[in-house]
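# Structural description and commentary
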Amino acid sequence: MSTYSATPPPRSEKTLIDNADRLAGKTLRQIAYEMGLTVPADQSHAKGWIGELMELCLGATASSRPEPDFQYIGVELKTLPINHIGKPKESTYVCTVPLTVEADISWSGSVVKRKLSRVLWLPVEADASIEFAQRRIGSAFLWSPDAQQETDLRTDWQELMDMIHMGEIDKISSQHGKVLQIRPKAVNARALTKTATATGEPGFTLPRGFYLRTSFTHNLLTMYAG
DNA sequence: CCTTGATCATGC
DNA sequence: GCATGATCAAGG
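I will try to describe carefully the structure that is included in this document. Being a predicted model, the structure only gives us computed values, none of them experimental.

### Regarding the pairing of strand β1 (residues 76-82)
Taking burial as the measure, the 7 residues of β1 include 5 buried ones, the bulk of the element. Relative to strand β3 (residues 119-125), β1 is paired through 7 bridges, and the arrangement is parallel. What sits directly across from Thr79, in β3, is Leu122.

### Considerations on the sheet that holds strand β8 (residues 208-212)
Paired through their backbone hydrogen bonds, the strands of a sheet run either parallel or antiparallel. One open sheet accounts for 3 strands, arranged β2-β8-β5; its pairing is antiparallel. In this open sheet, the two edge strands, each paired with only one partner strand, are β2 (92-96) and β5 (180-184). Geometrically, the sheet is characterised by an average inter-axis angle of 40 degrees between neighbouring strands, direction not taken into account. Pairing of β5 with β8 involves 5 bridges; the strand directions are antiparallel. Each residue of the ladder has a partner; that of Leu180, found in β8, is Leu212. Here helix α5 (residues 147-165) sits on the sheet and contacts β5 and β8; the angle it forms with β5, its principal contact strand, is near 40 degrees.

### Section: the protein's contact with DNA strand C
Of all residues adjacent to DNA strand C, which total 26 residues, the nearest are Thr79, Tyr93, Lys185, Thr193 and Tyr211. Within the side chain of Lys78, one N or O atom sits 3.5 Å away from a phosphate oxygen of DNA strand C. Residue contributions to the surface near DNA strand C peak at 4 residues, all from β1.

### Observations concerning the side chain of Gln149
Within the fold, Gln149 resides in helix α5. Using a relative accessible area of 7% as the deciding quantity, one classes Gln149 as buried.

### Examining the protein's contact with DNA strand B
In the vicinity of DNA strand B lie 17 residues, with His45, Lys47, Ser174, Ala186 and Ala189 positioned nearest. A share of 60% of the atoms of DNA strand B within 4 Å of the protein falls on sugar and phosphate groups. With respect to DNA strand B, the side chain of Arg183 contributes an N or O atom lying 3.0 Å from a base nitrogen. Broken down by element, the residue count for the surface near DNA strand B peaks at 3 residues, all from β5.

### Brief notes about the sheet that holds β3
As summarised here, the arrangement of the 3 strands in space is β1-β3-β4, forming an open sheet in which the pairing is mixed. In this open sheet, the two strands that pair with only one neighbour each are β1 and β4 (141-143). Between one strand axis and the next, the sheet turns through 35 degrees on average, direction left out of account.

### Observations regarding helix α1 (residues 13-21)
Within α1 the residues assigned to the buried category are Leu16, Asn19 and Ala20. Take α1 and look down its axis: the buried residues cluster within an arc of 100 degrees, on one side only. Residues of α1 that are buried sit in contact with α3 (49-58) and β3.

### What to know about the pattern of salt bridges
One pass over the full model with this rule turns up 12 salt bridges. In this structure, the salt-bridge partner of Lys78 is Glu76, at a minimum N-O distance of 3.7 Å. Residue Lys78 is classed as buried on the basis of its relative accessible area of 12%. For Glu76, a relative accessible area of 4% corresponds to the buried category. As a salt-bridge pair, Glu125 and Arg136 come within 2.5 Å of each other at their nearest N and O atoms. With Glu125 in strand β3 and Arg136 in the loop between β3 and β4, the pair connects residues that are 11 residues apart, well separated along the chain. The network of salt bridges with common partners includes Glu76, Lys78 and Lys115.

### Describing the packing of helix α2 (residues 28-35) against α3
Orientation of α2 relative to α3, taken along the N-to-C sense of each, is 50 degrees, at an axis distance of 11 Å. On the basis of their axis angle, the class for α2 and α3 is oblique. As α2 runs across α3, the sense of the crossing is left-handed. Contact residues: α2 offers Leu28, Ile31, Ala32 and Met35, while α3 offers Trp49, Ile50, Leu53, Met54, Leu56 and Cys57. When its residues are assigned to classes, the contact of α2 with α3 shows 10 nonpolar, no polar and no charged.

Conventions and cut-offs
- Residues numbered from 1 in each chain as written.
- Chains lettered and ligands numbered in written order.
- Predicted model: local features only at pLDDT ≥ 70, side-chain atom pairs only at ≥ 80, totals over all residues.
- Heavy atoms only, no water.
- Buried < 20%, exposed > 50% of the residue type's maximum accessible area, 1.4 Å probe, protein only.
- Helix = DSSP H or I, 4+ residues; strand = E, 2+ residues; numbered from the N terminus.
- Pairing = 2+ DSSP bridges.
- Axes fitted to C-alpha atoms, helices over the stretch in contact; angles between N-to-C directions.
- Contact = heavy atoms within 4.5 Å.
- Near = heavy atom within 4 Å.
- Polar contact = N/O pair within 3.5 Å; in protein donor to acceptor, adjacent residues only side chain to side chain.
- Arc of directions from axis to C-beta.
- Salt bridge = Lys/Arg side-chain N within 4 Å of Asp/Glu carboxyl O.
- Parallel < 35°, antiparallel > 145°, perpendicular 65-115°, else oblique.
- Left-handed = near helix turned anticlockwise from the far one by under 90°.
- Nonpolar A, V, L, I, M, F, W, Y, C, P; charged D, E, K, R; others polar.

Have a look at this one:
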């Protein structure tokens, strides 16, 4: 995505919020025009476009590294597609699931915890009845997990990672996990990656990702955007 | 209508 | 292939 001018990386949360506030109420078409870009005709071939546009507008820097989008202030950016009744339309991708056994892996050292420790949530209209370019950005809010959310996330993460370390990745379905689930995250269903196995021999399985359930992000909306 | 499993684009 | 940004689309 090339553009006239990317925003400099924010050095404070206030700067980030101020920048996000200036996007609120604007349509994708307006924002794209200001950035010297064109809105894709078909979102099915540009699934991550809104997120990438918002990264440019807000000065995200992490690129494709497993680090927070705003490196100086340790904040992750997540767009949140909202349907016609104000609920999240899709689950939220968090990060890739590590499938090989690694030393000293713990919740406190996990990528899931790091990424979710501080998040700028940016609601975006996503109802099918609204033309893609006419969809508006909503009011962003900064979030950190409260005690209950942290417990739920840690419990799910631990349970899922325990299964992986036991070589049981192929027993994990998307129904595991109260708030955090594991689902495929691959180029297609034939993709393979190395995984731990019960015998300790290397195995191969479909690459997976951690996702937040829509019930979880809906709760965030009611807590912060209500 | 919602969830699950599958998929699209991009940079290394 | 892996990690980022996610949504699509079939079936329950």
